[in-house]
Amino acid sequence: MNDPTNQAAAAITEALRNGHDVAELIAHALCQVAADEGGIEEVLRNRSGSWEAGHLRSLMEGTAGPDGEGLEAYRKAVNAKGRQPVPTAEPEAPPVFRAEALATLTGQQATGAQR
């Protein structure tokens, strides 16, 4: 199973079956990659103008703030660019707008959005 899509799907399926909040897992994983790679736009660089990238940008901005100011809380690993990990606990309360970000992804209206 070398295909990245199948690997990601297997990881998400396993998390779901183990009772994890998959939406939160995906948001946090994307923010971790963004923190390690140098920002939200780095995650989207291979196809930044696509509709999929637009939704993922909204999700990451909703999780880490509109300018990615909360990304540092998600940094976990040394990456190919040589950035060193910043020891952090799980983010307690990064600037989140989860309901709004999820509404953007699903095309539904947010109700009771947390800020």
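Placed above this text is the structure.
Residues numbered from 1 in each chain as written. Predicted model: local features only at pLDDT ≥ 70, side-chain atom pairs only at ≥ 80, totals over all residues. Heavy atoms only, no water.

Visitor: So what exactly am I meant to see when it comes to the nonpolar core here?
Guide: What tends to happen in soluble globular proteins is that the nonpolar side chains get buried as a cluster. One finds Cys 31, Ala 34, Ile 40, Leu 44, Met 60 and Leu 71 to be the most contacted residues of the largest nonpolar core, which totals 13 residues. Broken down by secondary-structure element, the contributors of at least two residues to this core are α2 (22-37), α3 (40-44) and α4 (51-64). No other element matches the five residues that α2 contributes to this core. Those residues in contact with Ile 40 that lie beyond four places of it in its chain are Ala 34, Arg 57, Met 60, Glu 61, Gly 65, Gly 68 and Leu 71. (Core = buried A, V, L, I, M, F, W, Y, C linked by side-chain atoms within 4.5 Å. Buried < 20%, exposed > 50% of the residue type's maximum accessible area, 1.4 Å probe, protein only. Helix = DSSP H or I, 4+ residues; strand = E, 2+ residues; numbered from the N terminus. Contact = heavy atoms within 4.5 Å.)

Visitor: When you look at the side chain of Arg 75 in this model, what are you seeing that I'm missing?
Guide: Within the secondary structure layout, Arg 75 lies in the loop between α4 and α5 (98-106). From its side chain, Arg 75 meets the backbone oxygen of Ala 35 in a polar contact 2.7 Å long. (Polar contact = N/O pair within 3.5 Å; in protein donor to acceptor, adjacent residues only side chain to side chain.)

Visitor: Help me out: how do you make sense of the layout of surface pockets in this one?
Guide: With a probe scaled to a water molecule rolled over the atoms, the places where space remains empty come into view. Volume-wise, the largest pocket comes out at about 170 Å³. Looking at the largest pocket, the residues that line it are Pro 4, Thr 5, Ala 8, Ala 9 and Ile 12. A per-class count over the lining of the largest pocket returns four nonpolar, one polar and no charged. (1 Å grid on protein atoms, 1.4 Å probe; cavity = no way out; pocket = protein on both sides within 12 Å on 5 of 7 lines; lining within 4 Å. Points joined across faces, edges and corners; volume = space filled by probe spheres on them. Nonpolar A, V, L, I, M, F, W, Y, C, P; charged D, E, K, R; others polar.)

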